[in-house]
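Examining the three-dimensional arrangement
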Amino acid sequence: MDTLQVGQFGFVLQQAKAPLIVPLLKFLVVVCLGMSVMLLVEKVYMGIIIIFIKLFRRRPVKHWKWEAIKDDVELGNSAYPMVLVQIPMYNEREVYQLSIGAACGLSWPSDRIIIQVLDDSTDPIIKDVVELECQRWASKGINIKYEIRDNRNGYKAGALKEGMKHSYVKQCDYVAIFDADFQPEPDFLYRTIPFLVHNSDIALVQARWKFVNSDECLMTRMQEMSLDYHFTVEQEVGSATYAFFGFNGTAGVWRIAALNEAGGWKDRTTVEDMDLAVRASLRGWKFVYLSDLKVKNELPSTFKAYRYQQHRWSCGPANLFRKMVMEIVRNKKVSPLKKFHVIYSFFFVRKIVAHIVTFVFYCVILPATVLVPEVQVPIWGAVYIPSTITLLNAVGTPRSLHLLIFWILFENVMSLHRTKATFIGLFEAGRVNEWVVTEKLGDALKKKLGAKAPRKLRLRIGERLHMLELIVGFYLFFCGCYDLAFGKNGYFIYLFIQSVAFFIAGVGYVGTFVPNS
């Protein structure tokens, strides 16, 4: 009976192949090739701009008014604008001292700066130690405020919005924002504030991120490669062409007047930073990116933390695109060229197409053509375009070029979650507003690994197994076996290697494992 049913299924499949499966697969191949070309053109364009920037050494201090703020005998410290420094945090047991200490160590007249710790922690022990840390710095003469809420409405956006309501904020001209694991250098304000003081049309000065734990494991090296491209190319190009680039949510300074004019913080998506940046840009405000100003921070080193982060970073932009696309189209304060850049280049190609084509084409459609040999993918689409895109992506981190193959395989695995999150954002499905704070380990990992190891290492199988990765891994492995037995295009080499990458991620053997004890 089972054999008969299998035979019937095979017969139905063969009957549907010519009129349905083959045309559908051919259509999907054409769509994916089109998206690949769009992504290639975007990467080449940005590559050309970066070469131009490097050759002609276009630096922000040469194209914007910039003059160091100096002491004035007559005005005294009033020559310095009043600056608010916000540190939003949530149960940051491992890193709260680092961020608060770095903020309190900023070189700026003590009577012209206010440090505001926005603590949404739900753990009473952590709240107590954070408050004690604030009191310790206050006893040293630092103007530091410890602020809490009775709810977590709006998550980070809600905390920042509530923080701006305090009466002492009205005396401030600018606000610097640092997430709980960020450690700015003492001269951070001296290098950023002059751009805002001397250029009335600048709303935001964004600094680059520097990863203190990029060498912790292979996964953090892969993240460094992806983020270095973002900071070395995407942010640099957006700033140099006066087009648009997104606020990274931290390590930046805002003009409070611009922030308020744009409508302040909103919690309608999980990318409140990008939301604010788009709204400010639509009102004609300009942004400056300082690639040579780096702020130390920590990359997520556990696979669980990284997956949650990538879900938020992929779902949020897609959802914001859905909410704002018509608002951008109808806007009358910016040029059509800028509208095109924001809608097509920033949102559609980089935040939607890039995620979808990586997974759908290289992990679903291309393997499917092995099972349906009537559908062929041209070599330029299967090999040349992805190879060129990969090489252009890799320029941001020359020291990791030897890890290029691992990076490709890892990015393809992560594209599964990014694609899923992108569709959730576009269609406002179940987890669209999910916000899980990225876990930071600080020195906790070193302490745990340095402690005496337990005799038995207890692993929770449910936490280590990831079914989506395993399913895709089995699919790729099956296609690889079929290609090896019956195919003629040699895809099986890629399919087997990529399936192994999915299997490794599927059993949780990615990133840093933190012992429970």
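The model shown is predicted, which means the values in this text are computed figures rather than measured ones.

Overall, mixed pairing links the seven strands, which are arranged S3-S2-S1-S4-S6-S5-S7 in an open sheet. Strands at the two margins of the open sheet, each flanked by one partner only, are strand S3 (144-148) and strand S7 (286-297). Recorded for the sheet is a direction-independent mean angle of 20° between the axes of neighbouring strands. Sheet topology places strand S2 (residues 113-119) next to S3; five bridges connect them, and they run parallel. Its bridge partner lying in S3, Leu118 is registered against Glu147. Contacts between helix H4 (residues 124-138) and the sheet are confined to strand S1 (83-89), S2 and S3, with S3 contributing the most and set at about 160° to the helix. Helix-sheet contacts for helix H7 (residues 218-240) involve strand S5 (202-211) and S7, and the interaxial angle to S5 is about 155°.

With that settled, the discussion passes to unusual backbone geometry. Backbone geometry places Ala251, a non-glycine residue, at a positive phi of 60°. With respect to the helices, strands and loops of the structure, Ala251 is situated in the loop between H7 and strand S6 (252-255). Using a relative accessible area of 0% as the deciding quantity, one classes Ala251 as buried. Although it is not a glycine, Glu428 adopts a positive phi angle of roughly 50°. Looking at the element boundaries, Glu428 is found in the loop between helix H13 (404-427) and helix H14 (444-450). On the accessibility criterion, Glu428 (36% relative accessible area) is partly exposed.

Thresholds applied
Residues numbered from 1 in each chain as written. Predicted model: local features only at pLDDT ≥ 70, side-chain atom pairs only at ≥ 80, totals over all residues. Heavy atoms only, no water. Pairing = 2+ DSSP bridges. Helix = DSSP H or I, 4+ residues; strand = E, 2+ residues; numbered from the N terminus. Axes fitted to C-alpha atoms, helices over the stretch in contact; angles between N-to-C directions. Contact = heavy atoms within 4.5 Å. Buried < 20%, exposed > 50% of the residue type's maximum accessible area, 1.4 Å probe, protein only.

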